[in-house]
Amino acid sequence: MGKNKQDTQHIERALTQQAEHMEVSPTLFNKIKKDIYEQEHKSMMNHKRFGLRKGRRLATALISCLVLGSITVFGIAASGSWTGHTYLAYKTFPAEEKI
């Protein structure tokens, strides 16, 4: 086991020394930059898309509340006018002669 550990350390040192003298090719560097940019752009677009969904839900809820409120006000006004007309028409009982 000691020999394997020494071999592993020797290989690691050799690879580290070789890696220190290597330079990244411009093509590979540009590809990495492009991939990072695409990931950031994708993340940003997902955030915007979900933000619009939240805004749509809020707008739908507000419109629904306004419609419900309008229908309620219209219903109250219509029932009030219908009750008001019948209430005025039958304020007193008719005289016995009219019956």
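Everything below is about the structure shown above.
Everything quoted here is computed from the prediction, not taken from an experiment. (Residues numbered from 1 in each chain as written. Predicted model: local features only at pLDDT ≥ 70, side-chain atom pairs only at ≥ 80, totals over all residues. Heavy atoms only, no water.)

## Looking at the overall build of the chain
Assigned secondary structure in the chain consists of 2 helices and 0 strands. Put simply, the chain has 99 residues, and 0% of those count as buried. Just so you have it, the chain exposes about 10100 Å², and 65% of that area is on carbon and sulfur atoms. (Helix = DSSP H or I, 4+ residues; strand = E, 2+ residues; numbered from the N terminus. Buried < 20%, exposed > 50% of the residue type's maximum accessible area, 1.4 Å probe, protein only. Areas by Shrake-Rupley, 256 points an atom, 1.4 Å probe, with all protein chains shown as cover.)

## Describing the pattern of salt bridges
Enumeration over the complete set of coordinates arrives at 2 salt bridges. In this structure, Asp35 engages Lys31 in a salt bridge whose closest nitrogen and oxygen atoms are separated by 3.2 Å. With Asp35 and Lys31 both in helix H2 (residues 26–89) and 4 residues apart, this pair spans about one turn of that helix. Here Lys34 makes a salt bridge to Glu38, at a shortest N to O gap of 3.9 Å. Residue Lys34 and its partner Glu38 are both found in helix H2; the two are separated by 4 residues, about one turn of the helix. (Salt bridge = Lys/Arg side-chain N within 4 Å of Asp/Glu carboxyl O.)

## Re a nonpolar patch on the surface
Taken together, the side chains of Val24, Leu28, Phe29, Ile32 and Ile36 present a nonpolar region at the surface, about 470 Å² in accessible area. Inspection of the secondary structure puts Val24 in the loop between helix H1 (2–20) and H2. (Patch = residues over 30% accessible without salt bridge, like charges linked within 9 Å, V, L, I, M, F, W, Y side chains within 5 Å.)

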